[in-house]
Amino acid sequence: SSSSSSSSSFSATNCPIDEGLWNLQILTDNYPWETKWELHDNSTHVVGGNTSVIVASGPPDGLNYERRTRYTGNLCLPIGQYYFMRWFDAMGDGLCCKYGQGEWTVRVDGEVVLESINDQNNNSNNVKQKDFPFQVTTTNSDADELKGTFLMPRANVELA
């Protein structure tokens, strides 16, 4: 069992009426130091375009995730905005399957909008970098079920 002593700003539980509650859950595999992610604001609708802005990322600079550990965190994101999750895997084998059953899920207001596919025959996991687009479209936050301990510290995100 591992414990996290880091505080987190990924701990929103209620959002304003014009924002949705974005939740990321990661279960790491046996090689979690290979895994990194970024949440991009992409109002141009072009996935992978150079105009996107990184809203959040993990793990924090200089740190790695622990093996077979669940991380979760929340942010409030404006409704109607387009985003994408960019996943990096140093070896290109994803969070699954021969090396630990890792997985990730993105929810907005409790509804799954993106998730990894734990199928070792699915080549979509076998990439070093991949973008997964989604849009924040719901308004009814039911955040109670998402309250808990948020172990995913926010990286140093420039807000300038």
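Residues numbered from 1 in each chain as written. Predicted model: local features only at pLDDT ≥ 70, side-chain atom pairs only at ≥ 80, totals over all residues. Heavy atoms only, no water.

Draft legend 1. Looking closely at the overall build of the protein chain. Within the protein chain, the secondary structure is distributed over zero helices and eight strands. Going from N to C terminus, the protein chain has its helices and strands arranged as β-β-β-β-β-β-β-β. Classification of the 160 residues of the protein chain by burial places 43% in the buried group. Pairs at least 24 residues apart make up 78% of the contacts formed inside the protein chain by residues separated by at least 6 positions. (Helix = DSSP H or I, 4+ residues; strand = E, 2+ residues; numbered from the N terminus. Buried < 20%, exposed > 50% of the residue type's maximum accessible area, 1.4 Å probe, protein only. Contact = heavy atoms within 4.5 Å.)

Draft legend 2. Representation of a nonpolar patch on the surface within the structure. A cluster of nonpolar side chains, Tyr31, Trp33 and Tyr99, forms an exposed patch at the surface whose accessible area comes to about 300 Å². In this structure, tryptophan 33 sits in the loop between β1 (19-27) and β2 (35-41). Its relative accessible area of 39% is what places tryptophan 33 among the partly exposed residues. (Patch = residues over 30% accessible without salt bridge, like charges linked within 9 Å, V, L, I, M, F, W, Y side chains within 5 Å. Areas by Shrake-Rupley, 256 points an atom, 1.4 Å probe, with all protein chains shown as cover. Salt bridge = Lys/Arg side-chain N within 4 Å of Asp/Glu carboxyl O.)

Draft legend 3. Here's a closer look at the pattern of salt bridges. For the coordinates displayed, the defined rule picks out one salt bridge. Aspartate 131 is the salt-bridge partner of arginine 86, the closest N and O atoms lying 2.7 Å from each other. On the criterion of sequence distance, the pair formed by arginine 86 in strand β5 (residues 82-89) and aspartate 131 in strand β8 (residues 129-135) is long-range, its members being 45 residues apart. In this structure, arginine 86 and aspartate 131 share a single accessibility class: buried.

Draft legend 4. Quick peek at the state of the cysteines. According to the stated counting rule, one finds one disulfide in the structure shown. Between cysteine 15 and cysteine 76 runs a disulfide, and the two sulfur atoms are separated by 2.2 Å. In this structure the cystine formed by cysteine 15 and cysteine 76 twists about its S-S bond by roughly -90°; its chirality is therefore left-handed. Residue cysteine 15 is located in the segment before β1, and its partner cysteine 76 is located in strand β4 (residues 70-78); the two are separated by 61 residues in the primary sequence. Residue cysteine 15 is classed as buried on the basis of its relative accessible area, which comes to 16%. (Disulfide = S-S within 2.5 Å.)

Draft legend 5. Structural view of the side chain of histidine 40. Position of histidine 40 among the secondary structure elements: in strand β2. Within polar-contact distance, the side chain of histidine 40 engages the side chain of glutamate 38 at 2.7 Å. When residues no more than four places from it in sequence are discounted, the contact partners of histidine 40 are Ser52, Val53, Ile54, Val55, Tyr82, Tyr83, Phe84 and Arg86. (Polar contact = N/O pair within 3.5 Å; in protein donor to acceptor, adjacent residues only side chain to side chain.)

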